[in-house]
Each structure stands twice: as structure tokens, then as C-alpha cells.
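Fold and contact review
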Number of protein chains: 2
Amino acid sequence: MRREGLSGNRRIRIGLVTSNKNKVDEILSIISGSPLEIYWLNIEKLEIQSSSLEEISLYAARHAFEIARKPLVVDDSGLFVEALNGFPGPYSSYVYKTLGIKGILKLLENEGNRRACFRTSAALILPPLEKVFTGETCGTITYSPRGSGGFGFDPIFVPDGENRTYAEMSVEEKNIISHRGKAFKALTDYVEGLLL
Amino acid sequence: MRREGLSGNRRIRIGLVTSNKNKVDEILSIISGSPLEIYWLNIEKLEIQSSSLEEISLYAARHAFEIARKPLVVDDSGLFVEALNGFPGPYSSYVYKTLGIKGILKLLENEGNRRACFRTSAALILPPLEKVFTGETCGTITYSPRGSGGFGFDPIFVPDGENRTYAEMSVEEKNIISHRGKAFKALTDYVEGLLL
């Protein structure tokens, strides 16, 4: 029976397509204990220009699947700063590399509105299924960087209900409340549901 | 004979794939008098994320050709500011929409190095030919916007050898010295060469 066939000790192996090794470590920590087994699928991640993370992650997942023909997930994340009309958004990685944290703080100089949200979209292709999971964590941008954990803009982002920046938390602490943690938790729950 | 067949009154019709109508007008002015006939090919322009304009324009042209199956050109342009490590580069359009001119000037506040270059890549698909043409115009970023012509960051860019910003010039004046003008001049010369 299908129910028996999918349950028990069965694990589902899914390749994570990313060029950022830090993400693999974060995600392995998020999914530990679940029937999901994630491994680093080191193939080209094609990212389109779009203001929608969902669109970017889904296009990349379909493109990667054309190459790999294996179950896989592609996630895309961004920091959306309210006073900057959502900038840097989907281009957070490029902006981090060019302007850096200094650039974001400069753009927010004399700006009272420090609201920002980190968002992740994770597009799963598990044939014949195709599904996008999202996670969002909102908070505020600090006036100077704090902490050395995480990556990217983590040192200037304090999630709501916290006093510490993402970069001042351990990977495990960050995963519980983070945008990426929420998206991959939803994905894990979904895959677990398939196994029931 | 081939020579006769392609010369004379023959014109080559090429579709321009763009979502920016301003570009069509600029380009029509650049190619006027040439055997090239450009018309607006209003189909999806798929842009990938890349730091290379050549890569973006060529990918977009190949994608558009898959849909249209007609000779076409896709161009991509960007403003590369030296003190900002090339930002906003290929994402100039997104940055213009979110941060605007104000954002670029803010990032360059107290910055002595005002060097910047505008670049265009124009990818032509004229089966069986496929070729990318580039144009570059360097200059300086002003301390405040001037002029109402052009579009995007034109009001804060003064090309070398000029006192006026792109936005203070007529379309014809701008085309003679502009990055886009140079790229499409090269493209036009190339197509004319095919007809000789």
C-alpha cells in the first residue's frame, strides 16, 4: 500500500542548488530530525531579474531540474527595506558585494523608519510535484553592525521581539525565528505530510 | 549573385525587444539613414542576474528568439560607478525605481571620486548569425540633477569632454556620444557590411 510504501524508515533525498555554502549549513540545521535529507547539488543556479522571489526561485528550480533531473530545491532570499521601497530585495547579494552594510546604513542616514523584512522563497521540485514555500521575518535595521555570525546583512537586522541582531545569535537560535527557517520548516512539514 | 541580392533597396527588419519605449525612440534616431529597419517587438524580455551585460543581453536575445523566431536585438545598459564598485551596473533600472537619483547622490556624498561609465550591450540574432555589440561612455556624476531629457540616471551623468548632462542634450546630440549610440552604430555598421 502507498501509505506503507512511503512511511517507516524511508527518507527523501533532495538536492539544494546554491552557490552559497553558508546556506547549506543553515538548512541542514533546520531540517535535522526530519525525514528530509538535503545535500548540496553543485550545479549552475540561474537567477532571473524580478521583484518576486517566488518567480526567481521557481524559474531557477525548473532550470536546474532540466539539467539534474533529480528532486531539488532552490531558495532565494532578500532584505526588503521599507524606507528604500523594498531595496535591496532580490538583489541583496549583489548589493552586499558592491555597497556592503556601509551602503545600506548610508542610505538610511537620518531616516527614522528602520522597518525591514527578510524573505525567503524555496521552490521544491519533487516530480510530479512543484511547490513554492515562503518565510518572512520582519524587524528593524540597526544604526551600526553587531555580531559576527550569519552572513550578508545579518549584523544590521534585529527581528521583532529580539534585542540581538541575526549575527549575534547561534545558527540554531536564528533558525527558529528566521525567514529561511520558516520557509524550510514549511517545506519539511509538507514533505513529512507526503510520507504519512 | 549574393552581392546583388542583398544590396540595392533591400532593408533588413529587426525587432527590438524592450519594455522601455524610450529606448525605441533613441534607437530609431541612431539608425536613421541605415538599411536597418527597427521595430518594437513587444514580447517578454527575460533578464538573468549577472554582472555581465553581454551575458544578460545574449541570454535574453536567445530566449526571445525561441518565442519569436524572427531576427531581433536585445540591449541591456547600466551605469557603473567606480566608487561604488560598479553599482548599480546591470540593476540600474531596479535601482532607479527604488532608490532613484537621490539614492545614488546620497551614496556618493562626501565622495571625491565621481567617475562612472554607462555601458550598453546589444545582442543581435540574425540567423544564422549571433553577435554582441558593446558601447561605453565614461564621465562623471554630478552633485545634483540637471536637465529633463533622456531617462534614468541621465540627469546626473556628464560625459567626458562635455559640460552638460545627458539629460541636457537633445536625443540627436546624446546619440552621437552615448553608450547606446556607440553599440547600435557598431551593430548598424556590421549589418551594412553584410549587405555590401
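Everything in this summary refers to the structure shown in the same document. (Residues numbered from 1 in each chain as written. Chains lettered and ligands numbered in written order. Predicted model: local features only at pLDDT ≥ 70, side-chain atom pairs only at ≥ 80, totals over all residues.)

**Observations regarding the pairing of strand 1 (residues 12-16) of chain B**
All names here are of chain B. Where strand 1 meets strand 2 (residues 36-40), five bridges bridge the pair, whose relative direction is parallel. Note on strand 2: the bridge partner recorded for Gly 15 is Tyr 39. For the crossover from strand 1 across helix 2 (residues 21-31) to strand 2, the handedness is right-handed. Bridging between strand 1 and strand 3 (residues 72-81) involves two bridges; their strand directions are parallel. Among the inter-strand pairings, Gly 15 is bridged to a residue of strand 3, identified as Leu 72. (Pairing = 2+ DSSP bridges. Helix = DSSP H or I, 4+ residues; strand = E, 2+ residues; numbered from the N terminus. Right-handed = clockwise from strand over helix to strand, strands pointing away.)

**Let's talk about the relation of the copies chain B and chain A**
Superposing chain B onto chain A takes a rotation of 180° combined with a translation of 0.0 Å along the rotation axis, leaving an RMSD of 0.0 Å. In the structure described here, the two chain copies are related by an operation that fits a two-fold rotation axis. Nearest to the rotation axis, the C-alpha of B:Ile48 is located 1.9 Å from it, this being the minimum over chain B. Looking at chain B, 100% of its interface residues are interface residues in chain A too, so the copies touch through the same face. (Least-squares fit on C-alpha atoms with pLDDT ≥ 70 in both. Contact = placed C-beta atoms within 7 Å.)

**Some remarks on the packing of helix 5 (residues 100-107) of chain A against helix 5 (residues 100-107) of chain B**
Axes are the key here: two packed helices are described by the angle between their axes and the distance separating the axes. Helix 5 of chain B packs onto helix 5 of chain A with a crossing angle of 120° between their chain directions and a minimal axis gap of 9 Å. Considering their axes alone, helix 5 of chain A and helix 5 of chain B lie oblique with respect to each other. Considering how the two elements wind past one another, helix 5 of chain A and helix 5 of chain B form a crossing that is right-handed. Facing helix 5 of chain A, whose interface residues are A:Gly103, A:Lys106 and A:Leu107, helix 5 of chain B presents B:Gly103, B:Lys106 and B:Leu107. A per-class count over the contact of helix 5 of chain A with helix 5 of chain B returns two nonpolar, two polar and two charged. (Axes fitted to C-alpha atoms, helices over the stretch in contact; angles between N-to-C directions. Parallel < 35°, antiparallel > 145°, perpendicular 65-115°, else oblique. Left-handed = near helix turned anticlockwise from the far one by under 90°. Nonpolar A, V, L, I, M, F, W, Y, C, P; charged D, E, K, R; others polar.)

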